[in-house]
Amino acid sequence: MQLSKLKDSSPQPPLSSQKKPKAFPWLLLCMVIGACLRFTLLGAKPPWTDEFATLVFSLGNSYLPVPLNEPISLAILLQLLQVNSEAGVGDVVHHLIGEDNHPPLYFILAHLWMNLFPMGQYVSVWVARAFPALLGVLSIPAIYGLAKLAFRSRTVARAAAAIMAVSPYGVFIAQEARHYTLSILFGIASLACLVAAARHLWRGTKIPLGLMGLWVVINGLGFITHYFFVLTLGSEAIALLLLLWGVWWRGRTKATPQSSKSVPQVATPQSYKRQVYASFWNNFARLSVVAVGTATIAVLWLWLVLPDDYGSTMTEWIQNDNGSFLAIISPFFQLAATIVTMLSLLPIESSHLSIVIISGALMIAFFLWALPILRWGVRVQWRNPSTHFGTRLAFTFFIGAIALFFGITYFKGIDITRGARYSFVYFPGVILLLGAILTACWQSDAIASTLSKNRLKTPRPVQINGKRVAIILWLMAFVSSISVVNNLGYRKYYRPDLLVPLIEQSSTESILIATTHRSLVQTGELAGIAWLLKDKPIAEKTKFLLAHQTHKDSTVPTGVLRETLQQMPRSLDLWVVNFHAPIELNDCVLDSQSFPHINGYDYKLYHCPEVENIRAIREFED
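Cut-offs applied
- Residues numbered from 1 in each chain as written.
- Predicted model: local features only at pLDDT ≥ 70, side-chain atom pairs only at ≥ 80, totals over all residues.
- Heavy atoms only, no water.
- Pairing = 2+ DSSP bridges.
- Helix = DSSP H or I, 4+ residues; strand = E, 2+ residues; numbered from the N terminus.
- Core = buried A, V, L, I, M, F, W, Y, C linked by side-chain atoms within 4.5 Å.
- Buried < 20%, exposed > 50% of the residue type's maximum accessible area, 1.4 Å probe, protein only.
- Contact = heavy atoms within 4.5 Å.
- Axes fitted to C-alpha atoms, helices over the stretch in contact; angles between N-to-C directions.
- Parallel < 35°, antiparallel > 145°, perpendicular 65-115°, else oblique.
- Patch = residues over 30% accessible without salt bridge, like charges linked within 9 Å, V, L, I, M, F, W, Y side chains within 5 Å.
- Areas by Shrake-Rupley, 256 points an atom, 1.4 Å probe, with all protein chains shown as cover.
- Salt bridge = Lys/Arg side-chain N within 4 Å of Asp/Glu carboxyl O.
- Phe/Tyr/Trp six-rings, centres within 6.5 Å; stacked < 30°, edge-to-face > 60°.
- Expected span 1.5 Å × (residues − 1).
- Bend = angle between axes of the 7 residues up to and from the residue.

Caption draft 1: Molecular detail of the pairing of strand S6 (residues 603-608). Alignment of strand S4 (residues 572-577) against S6, held across 6 bridges, turns out to be antiparallel. Its bridge partner lying in S6, Val576 is registered against Lys604. Pairing analysis gives 2 bridges linking strand S5 (residues 589-590) to S6, with the strands arranged antiparallel. Its bridge partner being in S6, Val589 is matched across the sheet by His607.

Here it is in structure tokens:
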């Protein structure tokens, strides 16, 4: 893309050229819409294993007291979620560092947040999710400020705030009792520092020391919120390097300087070039100080705080050791799908096939219609001198993040595209671009003449009515967010709410629910079932078994399960759930029913009657 020769007097948006409305009423409206979406049905969805980790560690509790390789009651398993009034911040940090693979800042804040609310015996899922939901609402004014700083346009800032309020990805991430919305806020703050520093770099003025210090602090806080924040910083570095290259090239090729407040007229072109180079190297050194300061915080944290085997068993699910063709092409589709859901996600995860088909067809049709408009909007704002700077930074930041995601996936063998939540890294950049695109559509009539001069063809829908196009894009995001709120899009990874009724209907005897155990993930899987069983009549006669498995091919859980069944009274219904070891049972009979698929739970039901009745049952089946 190249800068066009648009005049500085190019038409401005109507709201900019006339009396400027105050920002507060618009921001308030966006925040109200965003809050309604994020807090609606907040506690209705069952918590899943990652959220259980947040709940447990934020309470100051530990997974270690949960017994392994022996049957335990529901009450013992749910001790993890009991409110612990004696636990403090030190307990949160100690248990988290020793048992999980995440930094502690969010968990400390969540601990303090939950202490503000009276809770009963167990933690409140609604209270735990309300904190990230609130942070998600705060991201709306935050993105407004960032867009205004980057684009110097209230219209772009208002559009960015409006799309942040209703982005289905933003709603999804805000309704998780996890640390992603806090990471997004730190990402927005770090990007604001990037924009401020880049303006000084582009104008040839010194980056203030205060800005440098603030940037380092924000980067450090982001790092101890989520370690993938380093990808945000890496994306910023790529955007900065491209900008540095532009500044260097401008200094080499520009023979005649332009007079301005930031770059005064100098005597000769040679004097101007010397001034540009001196400013370049000065700012390069200051940016290097910011990079070194941030890296120092990260290295000291990793060296002084974390144990050597920190999180070694927690990232196996994203290890990409499969060289098949599908494994090679999947990351492209996974990442593309996540980017799409930042604007559109109809109920494609509905339980009704007809709704899934219709929703999928509508989404495909929508993006075939919208893709030329999105591309056009970025090109328009890139070529417009008043918005080029913000568009350039947002676009290069986004492309840098995509490059890092693919680089880590293909060269490190860690497929981070599998987790949509990791895209918090570049989410603010996408929102900035969407805000700029909506603005281009909204102002299409005003900029029509300048577009024709630059041979930039306007898509037909924008030619007909650009404002209508902007409204359609926003409405698609709004409707998609409603799908997320109702668990029809970005559905929870585990559905114990479907498994528990099935257990109630199928089992009248005592119950043992068994799984293989590798880490706290499997404990969370069973805790999800226990959480929904705790108020059911069958809770008292239900036991749980976590059969520890040191590696995925170990057959130790097979013997643990067999020995456990020998110790338990009969008759018994055995539910094996996500049991990744051979099942060898001589005195139990597999239920012949065809059970439905349930998200997150691969399960089988065995009936273990009195020993003298087994032969009769098998003879009857034969």
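Caption draft 2: Fine view of the nonpolar core. Residues Leu81, Tyr426, Ile513, Ile529, Phe544 and Trp575 are the most contacted members of the largest nonpolar core, which totals 171 residues. The element best represented in this core is helix H7 (residues 125-151), accounting for 14 residues. Those residues in contact with Leu81, other than ones at most four positions away along the chain, are Phe52, Leu55, Val56, Leu59, Asn61, Gln121, Tyr122, Val123 and Trp531. Leu512, Leu545, Cys588 and Cys608 belong to the second largest nonpolar core, which has 17 residues in total.

Caption draft 3: View of the packing of H7 against helix H10 (residues 180-203). Remark: H7 packs on H10, axes separated minimally by 9 Å, with the N-to-C direction vectors making an angle of 10°. On the basis of their axis angle, the class for H7 and H10 is roughly parallel. On H10, the residues that touch Pro132, Leu135, Gly136, Leu138, Ser139, Ala142, Ile143, Leu146, Leu149, Ala150 and Phe151 of H7 are Thr181, Leu182, Leu185, Ile188, Leu191, Ala192, Val195 and Arg199.

Caption draft 4: Quick peek at a nonpolar patch on the surface. There is a patch of nonpolar side chains on the surface, built from Val299, Leu300, Trp303, Leu304 and Val305 and spanning about 530 Å² of accessible area. Of note, Trp303 is situated in helix H13 (residues 269-304).

Caption draft 5: Molecular detail of the sheet that holds strand S3 (residues 542-548). Here 6 strands make up an open sheet; going across it, the order is S1-S3-S2-S4-S6-S5 and the pairing mixed. One side of each edge strand has no neighbouring strand; the edge strands of this open sheet are strand S1 (72-73) and S5. Relative to S3, strand S2 (residues 510-517) is paired through 7 bridges, and the arrangement is parallel. Paired with Ile511 across the bridge in S3 is Thr542. Contacting S2, S4 and S6, helix H20 (residues 496-506) crosses the sheet at an angle of about 155° to S4. Contacting S2, S3, S4 and S6, helix H22 (residues 556-567) runs over the sheet at an angle of about 150° to S3.

Caption draft 6: Representation of the packing of aromatic side chains in the model. As enumerated under the stated definition, the model contains 30 aromatic pairs in all. Both rings, one in Tyr169 and one in Phe427, keep their centres 5.1 Å apart while their planes meet at 50°; by these two values the pair is tilted. Placement of Tyr169 in helix H9 (residues 168-174) and of Phe427 in helix H17 (residues 427-442) is noted, with a sequence separation of 258 residues between them. Of the residues examined, Tyr169 reaches a relative accessible area of 0% and is grouped as buried. Here Phe427 falls in the buried class, since its relative accessible area comes to 1%.

Caption draft 7: The arrangement of helix H16 (residues 385-411) in detail. Compared with an ideal rise of 1.5 Å per residue, which puts 27 residues at 39 Å, H16 spans 38 Å between its outermost C-alpha atoms and is within 8% of the ideal. Of all the bends in H16, the greatest, near 25°, is centred on Thr391. In the stretch just after H16, Gly413 is the one whose phi turns positive, near 70°.

Caption draft 8: Representation of helix H19 (residues 460-485). Most pronounced at Gly466, the bend in H19 amounts to some 110°. All buried positions along H19 are accounted for by Val462, Gly466, Val469, Ala470, Leu473, Met476, Ala477, Ser480, Ser481, Ser483, Val484 and Val485. Packed against the buried residues of H19 are helix H2 (23-39), helix H8 (154-166), H9, helix H15 (353-383) and H17. A positive phi of about 60° marks Asn487, the residue just after H19.

Caption draft 9: Looking closely at the environment of Phe186. Along the chain, Phe186 falls in helix H10. Each C-alpha atom of the pair Phe186 and Ile218 lies 6.4 Å from the other, and the pair is 32 residues apart in sequence. When sequence neighbours within four positions are dropped, the list of residues in contact with Phe186 reads Leu105, Ile218, Leu221, Gly222, Thr225 and Phe229.

Caption draft 10: Focus on the pattern of salt bridges. Tallied over the full model, the rule gives 10 salt bridges. As a salt-bridge pair, Arg495 and Asp497 come within 2.8 Å of each other at their nearest N and O atoms. With relative accessibility at 11%, the residue Arg495 sits in the buried group. The exposure class assigned to Asp497 is partly exposed, which follows from its relative accessible area of 27%.

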